[in-house]
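Residue strings, one per chain:
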Amino acid sequence: GGPSAGGGGPPPGGGDEDGEEMRAQMESFISETSTTWADIGGLDDVQHDLKRAVALGSVANKPEAVSATERILLFGPPGTGKTLLASAVAGSLDATFFKVELGNLLSKWYGESSKQISALFETAAELSPSVVFLDEVDSLAQSRDGDMNETSRRVLDTLLSELDGVEKGSDDFVLTLAATNTPWHLDNAIKSRFPKRIHVPLPDVDAATEIVRIHTVHGGVDFDGHPSAFLDDPQRARDADTPERAIARRCVDDGYTGRDMEALSSAAVNNMIARRNPDLAHLVDDSVKRLRSHALDVGAILPQDVTHAFATTSPSLPEEDVARFYDWNDEYGSHT
Ligand code: ADP
């Protein structure tokens, strides 16, 4: 910008209140993130692809023919880490992280949604480097009979032209990540703007082992017991050389998502705390103030804590849905 007086009075011509309101709304899309790659279990290939996109986008000196991937679509079951990945990209870049739920934007800002989309990309370029995360990008879909309400159509058109225009400012780095749990509902025009489409699947046993660790051991709570004691069925013991791996094996067999595993892990931790601190609730009657300095009895998670956790949690996704993502990936996904 040019020289401007400190304090910044309103520019002539009015419309400033509008601008300020819009800015405030934009700021509500900006989310603080301290997520790092280490918070993500598994998904090594996806992480690698995203890191490469970030690296290529960050290098200033490159021939014109070398273009950075500035738009990536993440698709997969809910709770598999798509938002987590976007946060890690933003966190690792120290970028401004815009997190937008399109379904929410459409319903909340109804007539204003289209203006919001333009303002969003403008602000993202201003505050570069930026990561724009468009969640629920499927909510901007045209139905089969070509019928779409006026607002959605306008928002879709605006979004498409913003996506086409993102590359113009060569000094700005704006990485647009879109996510969907229902890729088969995507509008074709949107799909074509995201040639790179990455499947974020349910965790395999290695990934699941890491996810369990992230939500227990890395948070300062260990396991104690023979690995086989953490299994309901000794047949599953095959490669389970640690309690975490035994739990992971069981989660994968049952089709747990990352989010389901986080719930399971925190249930196991809570069961351990409840077991070792049976009088915790009574202390509240006593004096809440004194609780601040109360020495919580923290020990290791035992097999019984995990058994109980499995009894109170369950996989959130029907098996036939999982297959659908693989089919869509075969047809439309990027395979690197
Ligand atoms: P999505 O955006 O795919 O619906 P999220 O990224 O919001 O899912 O994941 C929800 C939560 O589940 C995360 O905050 C995290 O605690 C946990 N989670 C999911 N996938 C993973 C993973 N791969 N590693 C570690 N935690 C995970």
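Residues numbered from 1 in each chain as written. Predicted model: local features only at pLDDT ≥ 70, side-chain atom pairs only at ≥ 80, totals over all residues. Heavy atoms only, no water.

Draft legend 1. Geometry of the overall build of the protein chain. From N to C terminus, the protein chain includes 14 helices and five strands. The buried share of the protein chain, reckoned over its 336 residues, is 45%. Sequence-distant contacts in the protein chain: of pairs separated by 6 or more residues, those separated by 24 or more amount to 79%. When the accessible surface of the protein chain is summed, it comes to about 17,800 Å², and 48% of that surface belongs to carbon and sulfur atoms. (Helix = DSSP H or I, 4+ residues; strand = E, 2+ residues; numbered from the N terminus. Buried < 20%, exposed > 50% of the residue type's maximum accessible area, 1.4 Å probe, protein only. Contact = heavy atoms within 4.5 Å. Areas by Shrake-Rupley, 256 points an atom, 1.4 Å probe, with all protein chains shown as cover.)

Draft legend 2. Local environment of the site of the ligand. Gly41, Gly79, Lys82, Thr83 and Leu84 are the nearest of the 16 residues found near the ligand. Interatomic distance of 2.5 Å between a side-chain N/O atom of Thr83 and an oxygen atom of the ligand. Residue His215 places a side-chain N or O atom 3.2 Å away from a nitrogen atom belonging to the ligand. With the chains in place, 86% of the 560 Å² that the ligand exposes on its own is no longer accessible. Of all the elements in the fold, those that place two or more residues in the shell around the ligand are α3 (82-93) and α10 (258-276). Partitioned by chemical class, the residues of the shell around the ligand number five nonpolar, seven polar and four charged. (Near = heavy atom within 4 Å. Polar contact = N/O pair within 3.5 Å; in protein donor to acceptor, adjacent residues only side chain to side chain. Nonpolar A, V, L, I, M, F, W, Y, C, P; charged D, E, K, R; others polar.)

Draft legend 3. Up close: the nonpolar core. Counting residues in hydrophobic clusters, the biggest one holds 31 residues, and the most contacted among them are Leu102, Leu120, Val132, Leu134, Leu159 and Ile190. Contacts of Val132, omitting those with residues within four sequence positions, involve Phe98, Leu120, Phe121, Ala124, Val174, Leu175, Thr176 and Leu177. (Core = buried A, V, L, I, M, F, W, Y, C linked by side-chain atoms within 4.5 Å.)

Draft legend 4. Looking closely at helix α2 (residues 44-58). Between its terminal C-alpha atoms α2 stretches 21 Å, which fits the 21 Å expected from 15 residues at 1.5 Å a residue. Residues of α2 that are buried include every one of Val46, Gln47, Asp49, Leu50, Ala53, Val54 and Gly57, and no others. Considered in projection along α2, the buried side chains sweep an arc of 165° and stay on one side of the axis. α2 presents Asp44 and Asp45 as exposed residues on the side facing more than 90 degrees away from its buried surface. Against β1 (71-75), α3, β4 (174-180) and β5 (196-199) lie the buried residues of α2. (Expected span 1.5 Å × (residues − 1). Arc of directions from axis to C-beta.)

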